[in-house]
Amino acid sequence: KHFWTHRDNIPEGLGYGQFSTTHLFMVALTVLFTVIITVVYHGLNAGGRIIALRSIAATLMIIEVIKMVLIWFSDVRFTDYLPLEICSFAAYSCVLDSVNPENEFFSILLLTLFLPAAIMAIIVPTTSTLPAFNFYTIHQFLYHGLIIAYVIARFASGEMTLSYPQLWMGILNILAL
């Protein structure tokens, strides 16, 4: 009944609740999803890895566009939900990183800034007041899960490294934002 309903229009008391059994189950699914993507990614050749990275990046953009179209046609203020949050920038960084995976700039951002943000979005989701079977809840976990899987797969495969000086660069990026 409330699958497409935006969070501004959900009656109170329908949410799955933070740290509830449902929430912890969705976190566990995200972890399992990340492990599966990481194992599959690790087994791919270089060409397959590029395709996987670009597929994840494209999926992030597609589901964000779908979300924005739904918001546009709902009765909420569109400008309040423009994709200008930290994890939106994480998705943009995934796109740019997938185009040029050798560039360390996006690797550093993804590892030091965006991976922790995506993990926090799963641990402390903004959709806990929504039903578990709601587009925006599913979007939140899928979107952030893809960001986490993207970064972890590349890191676990040795394609992203982090050194002490890079860590400071990440901290500077956090302070800049």
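Residues numbered from 1 in each chain as written. Predicted model: local features only at pLDDT ≥ 70, side-chain atom pairs only at ≥ 80, totals over all residues. Heavy atoms only, no water.

## Some details on the overall build of the protein chain
Right, so step 1: A count of helices and strands for the protein chain gives 6 helices and 0 strands.
Right, so step 2: For 177 residues, the compact-globule estimate of 2.2 N^0.38 gives 16 Å, and the protein chain sits close to it at 17 Å.
Right, so step 3: Projected onto its principal axes, the C-alpha coordinates of the protein chain cover approximately 45 × 35 × 25 Å.
Right, so step 4: When the 177 residues of the protein chain are sorted by exposure, 44% land in the buried category.
Right, so step 5: A sequence separation of at least 24 residues applies to 75% of the contacts in the protein chain between residues at least 6 apart.
Right, so step 6: Per element, the accessible surface of the protein chain, about 9,600 Å² overall, is 72% carbon and sulfur.
Right, so step 7: Considering the protein chain, the positive charge centre built from 7 side chains and the negative charge centre built from 10 side chains are found 4 Å apart. (Helix = DSSP H or I, 4+ residues; strand = E, 2+ residues; numbered from the N terminus. Rg over C-alpha atoms; globule rule 2.2 N^0.38 Å. Buried < 20%, exposed > 50% of the residue type's maximum accessible area, 1.4 Å probe, protein only. Contact = heavy atoms within 4.5 Å. Areas by Shrake-Rupley, 256 points an atom, 1.4 Å probe, with all protein chains shown as cover. Lys, Arg positive; Asp, Glu negative; His and termini not counted. Charge placed at Lys NZ, Arg CZ, Asp CG, Glu CD.)

## Structural notes on the side chain of Thr 112
Right, so step 1: Residue placement: Thr 112 occurs in helix α4 (residues 104–123).
Right, so step 2: At 2.6 Å, the side chain of Thr 112 forms a polar contact with the backbone oxygen of Ile 108. (Polar contact = N/O pair within 3.5 Å; in protein donor to acceptor, adjacent residues only side chain to side chain.)

## As for the layout of surface pockets
Right, so step 1: Counted as a void, the largest pocket has a volume near 420 Å³.
Right, so step 2: Taken together, 21 residues line the largest pocket, and the ones lying closest to its centre are Arg 7, Lys 67, Glu 85, Thr 126 and Gln 140.
Right, so step 3: Of the residues that constitute the lining of the largest pocket, the class distribution is 10 nonpolar, 7 polar and 4 charged.
Right, so step 4: Estimated volume of the second largest pocket: approximately 190 Å³.
Right, so step 5: Residue lining of the second largest pocket: Met 26, Leu 29, Thr 30, Phe 33, Ala 132, Thr 137, Ile 138, Phe 141, Leu 142 and Gly 145, and that is the complete set. (1 Å grid on protein atoms, 1.4 Å probe; cavity = no way out; pocket = protein on both sides within 12 Å on 5 of 7 lines; lining within 4 Å. Points joined across faces, edges and corners; volume = space filled by probe spheres on them. Nonpolar A, V, L, I, M, F, W, Y, C, P; charged D, E, K, R; others polar.)

## Re unusual backbone geometry
Right, so step 1: Not every positive phi belongs to a glycine, and Phe 19 is a case in point at roughly 65°.
Right, so step 2: Checked against the element boundaries, Phe 19 lands in the segment before α1 (21–42).

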